[in-house]
Amino acid sequence: MVFFNRLLSSVLLAILYASYSNAAPSPSSDATYSTQYVKDLGNGAKVQIFHPPSNYSTFGEGFDTPSSLSDAPIEDKTVSFVASQLNIDSGKVSFKSGYTNDNGESFGYAQQLHDSVPIANAVANVAFKNNKVVAFGQSFVDTSKAADSKPSIDVSTVVSKVEGILQGKKNDIEPTVKYLAQPDGSIPLVHAFQVQNDNAGTFYEALVDAHSGELVSVTDFVAEASYRAVPIYKQDITQGLELITNPSLPSASPSGWHYVRGVNTTVTFGNNVVAYKGATTGTTKQSSSGLVFDYTYNPNVGPTAGSNVDAARTNAFYLINAYHDTLYQYGFTESKFNFQYDNLGKGGAGNDPVLVSVQDASGVNNAFFATPPDGQPGQCTTYIFTYTNPNRDSVLSNDIVIHELTHGLSNRLTGGGTAACLQTLESRGLGEGWSDAVADWFVHSASPQITDFVFLPWLYNNPRGARTRPYSTSTTTNGYRYADIGQMNQQHSAFGPS
Ligand SMILES: [Zn+2]
């Protein structure tokens, strides 16, 4: 667990660095692309989404904080550092949130104030390590064009109009008043309140000018994400990759697949799954903004060529998250020892997502799942298969990945999360059978007929696949009986043959 905390913090730090350096202002049109977005709300209504250009600096070995602050709380250190760096009064900086991880690294988040009212999109973040500032990002703005800080219209007078525009209902969360910096330098004062429509799946924070009553902008709380992947009900890539939009299930992953402990990620790293190659920092970035992971797979070249490794990590990330969310519906939840970094206070031990190594260099022609007890990450190791030219990537064969994940399921569900139950030959053989059965169940979940199931036909480039017989209701196709295991001495052949 100690190891994993260290690992997670370094990965999160890398992600924070990456995302902030991407947001850094640039003289090209990219700056506009990263700061402005016109959102179409339907019904002809459009609003401007704006984030002021940000600056981000790192300080190598670290930037000393004043010794007088060395023992101060993170709140004071953050406010003091932001004010001194930007040469502004500390009364214009409001501490928003922060945390310290197990390695003593601290992260503070602050907002700019004008007339004691926060400016929603003028923010700062400071990273401390060993009492030194190692990174600083900020998007503070010139406030000379800020509107009067006292609303001239009451929020109650604008709610019904905004509900009509956003096609939802205001919820019970208390409205607030804040500023919102705009691209032209103006800073309107806004009433902020939440509008939801559970049937349509929409959930906004409306930002309405507190002087004119116009809808200025919205915050869209629904994170969209799309992945080009083999849908979980298909067996392997021969059945086609599809661009799958918003596959996460809110009941299983309430903050989506790209949010870990206060940090939104834009890579194949999330609360349930880290999909990487080589090292856990070797994740795949979104192919375009808005959590789009759209990498095409070129079957005419090897798994490691071109964007194929990105397609592979994307499929692994999608598939294992989809497996998490599906099994969650059937009871494999936090208190039943599932795999999640943050258990969101719902029981069980956290710090244990599934780490999936794609194209792992330690072997070929197989895949493994190591299941330590609840509270330690599950390690899924997947190899390239060399039976064909070009080679084939096992992570694009959903059947083998689901088989491996089901070792995690069965080893956690037997013995109450100890992962110590399935150790003898017969119980290991049962584990192999359950893993094949769950792969079969996913692959055939979309078909009304019960048909024979062959495991890994694509990876073995053989219509008989990896086992000695297909799974079948026909005793001609598969005549094995329980008595036959007396003649078998290998866990895979014991119940059909990774
Ligand atoms: Zn297995």
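Fair warning: this is a prediction, and the values are worked out from it, not measured in the lab.

Colleague: What should I look at first to understand the UniProt feature "active site" (unreviewed entry) in the chain in this one?
Modeller: This chain's UniProt record puts "active site" (unreviewed entry) on Glu404. Tracing the backbone through its elements, the reader meets Glu404 in helix 6 (residues 398–413). A distance of 3.4 Å separates a polar side-chain atom of Glu404 from the backbone nitrogen of Phe369.

Colleague: Explain the UniProt feature "binding site: Zn(2+)" (unreviewed entry) in the chain here, please?
Modeller: Sequence positions flagged by UniProt for "binding site: Zn(2+)" (unreviewed entry) are, in local numbering, Glu224, His403, His407 and Glu432. Across 209 residues in sequence, these annotated residues place their C-alpha atoms as far as 35.9 Å from one another, rather than forming a single compact spot. Residue contacts for Glu224: discarding those within four places in its chain leaves Asn246, Gly290 and Leu291. Along the polypeptide, His407 turns up in helix 6. Overall, the relative accessible area of 10% leaves His407 in the buried class.

Colleague: Help me out: how do you make sense of the domain arrangement of the chain in this one?
Modeller: According to the domain assignment, the chain consists of domain 1 (2–138), domain 2 (155–220) and domain 3 (226–422). Its C-alpha centre places domain 2 at a distance of 37 Å from the equivalent point of domain 3.

Colleague: So what exactly am I meant to see when it comes to the pattern of salt bridges here?
Modeller: Close approach of charged atoms lets side chains of opposite charge pair. Scanning all chains against the criterion turns up ten salt bridges. Its salt-bridge partner being Arg228, residue Asp294 comes within 2.5 Å of it at the nearest N-O pair. With Asp294 in the loop between strand 18 (292–293) and helix 5 (308–329) and Arg228 in strand 13 (residues 226–229), this residue pair connects regions lying 66 residues apart in the sequence. By relative accessible area, Asp294 is classed as partly exposed at 29%. Residue Arg228 is classed as partly exposed on the basis of its relative accessible area, which comes to 21%. Note that Arg313 is salt-bridged to Asp310, the shortest N-O span being 3.0 Å. Within this pair, Arg313 and its partner Asp310 are both found in helix 5, separated by three residues, close to a single helical turn. Comparing Arg313 with Asp310 shows no difference in burial state: the two are buried. Connected through shared salt-bridge partners, Asp352, Asp374 and Arg412 make up one network.

Colleague: Teacher, can you tell me more about unusual backbone geometry here?
Modeller: Going from Asn389 to Pro390, the amide bond is cis rather than trans, its omega being 0°. As for its placement among the helices and strands, Pro390 is situated in the loop between strand 22 (384–385) and strand 23 (392–393). One non-glycine residue, Asn130, lies in positive phi territory at about 50°. Note on placement: Asn130 falls in the loop between strand 6 (117–129) and strand 7 (132–138). Residue Leu344 is not a glycine yet carries a positive backbone phi of 55°.

Colleague: Honestly, the pairing of strand 17 (residues 273–276) in this entry has me stumped. Any pointers?
Modeller: Look at any regular strand and the pattern is simple: side chains alternate between the two faces of the sheet. Where burial is concerned, the two faces of strand 17 agree: the one with Val273 and Ala275 and the one with Val274 and Tyr276 are both buried. In this structure, strand 17 lies alongside strand 19 (residues 354–357), joined through four bridges in parallel fashion. Following the sheet pairing, Val274 is matched in strand 19 by Leu355.

Colleague: Hey, could you run me through helix 6 in this one?
Modeller: The periodicity of an α-helix, 3.6 residues per turn, causes residues three or four places apart in sequence to face the same way. Between the first and last C-alpha of helix 6 there are 22 Å, a value that for 16 residues agrees with the 22 Å anticipated at 1.5 Å per step. Burial analysis of helix 6 places 15 of its 16 residues in the buried class, which makes it a mostly covered element. Following helix 6 by one or two positions, Gly415 has its phi on the positive side, about 80°.

Colleague: How do you make sense of the packing of helix 5 against helix 7 (residues 425–443) when you look at a structure like this?
Modeller: A pair of packed helices is captured by two measures, namely the crossing angle of their axes and the spacing between those axes. The geometry of helix 5 relative to helix 7 is characterised by a closest axis approach of 13 Å and an angle of 95° between their N-to-C directions. On the basis of the axis angle, helix 5 is roughly perpendicular to helix 7. In this structure, helix 5 uses Tyr323, Thr326 and Leu327 to contact helix 7, whose residues at the interface are Val438, Trp441 and Phe442. For the contact of helix 5 with helix 7, a count of residues per class yields five nonpolar, one polar and no charged.

Colleague: How do you make sense of the sheet that holds strand 14 (residues 242–245) when you look at a structure like this?
Modeller: The strands making up a sheet associate through backbone hydrogen bonding, with each pair oriented either parallel or antiparallel. The sheet built from three strands is open, its strands ordered 14-13-18 with mixed pairing. This sheet does not close on itself; its edge strands, each paired only once, are strand 14 and strand 18. Across four bridges, the pairing between strand 13 and strand 14 is antiparallel. Counterpart to Ser226 in the pairing with strand 14 is Thr245. Where helix 5 meets the sheet, its contacts fall on strand 13, strand 14 and strand 18, and the angle it forms with strand 13 comes to roughly 110°.

Colleague: Teacher, can you tell me more about the packing of aromatic side chains here?
Modeller: The description of two aromatic rings rests on the distance between their centres and on the angle between their planes. Counted by the stated rule, this structure contains 18 aromatic pairs. Between Trp441 and Phe442 the ring centres are 5.0 Å apart and the planes differ by 75°, which places this aromatic pair in the edge-to-face class. Among the aromatic residues, those joined into a ring-pair cluster are Tyr227, Trp257, Phe293, Phe317 and Tyr318. Sitting over the ring of Phe128, Lys77 keeps its end group 5.3 Å from the ring centre. Over the ring of Tyr480 we find Arg469, and its NZ or CZ is 5.3 Å from the ring centre.

The rules behind the values
The residue count restarts for each chain, going from 1 along the sequence in the order it is written. Reporting in this predicted model follows two pLDDT cut-offs: at least 70 for local features of residues, and 80 or more for side-chain atom pairs to be given and counted; totals over whole chains, interfaces and linings ignore these cut-offs and use all residues. The side-chain values count all of the structure's non-hydrogen atoms but skip hydrogen atoms and water molecules. UniProt positions are given in the numbering used here, feature names are shortened, and annotations may be inferred rather than shown by experiment. Where helices and strands are cited, they refer to DSSP runs of H or I of at least four residues and of E of at least two residues respectively, numbered from the N terminus. For the purposes of these results, a polar contact is taken to be a pair of N or O atoms within 3.5 Å, where, inside protein, one atom must be able to donate a hydrogen and its partner to accept one; residues adjacent in sequence count only when each atom of the pair is a side-chain atom. Throughout, a residue-residue contact means that at least one pair of heavy atoms, one from each residue, lies within 4.5 Å. Summary of the burial criterion: residues with accessible area below 20% of their type's maximum are buried, those above 50% are exposed, and those between are partly exposed, where the area comes from a 1.4 Å probe applied to protein chains only. Residue ranges assigned to each domain were obtained from an automatic or database domain assignment. Salt bridge, as used here: a side-chain nitrogen of Lys or Arg that lies within 4 Å of a carboxyl oxygen of Asp or Glu. At least two bridges found by DSSP between two strands are what make those strands a pair. To estimate the expected span of a helix, count its residues, drop one, and scale the result by 1.5 Å. Every angle, taken between N-to-C directions, lies between 0 and 180 degrees, and every axis is a line fitted to C-alpha atoms, over only the stretch in contact when it is a helix. When an angle is under 35 degrees it counts as roughly parallel; over 145 it counts as roughly antiparallel; between 65 and 115 it counts as roughly perpendicular; any other value is oblique. When residue character is reported, Ala, Val, Leu, Ile, Met, Phe, Trp, Tyr, Cys and Pro are called nonpolar, Asp, Glu, Lys and Arg charged, and the others, Gly included, polar. Pairing of aromatic side chains requires ring centres within 6.5 Å, counting the rings of Phe and Tyr and the six-membered ring of Trp. Pairs whose planes differ by under 30 degrees are stacked, by over 60 edge-to-face, and all others tilted. Only when the NZ atom of a Lys or the CZ atom of an Arg is both within 6 Å of the ring centre and within 35 degrees of the ring normal do we say a charge sits over the ring.

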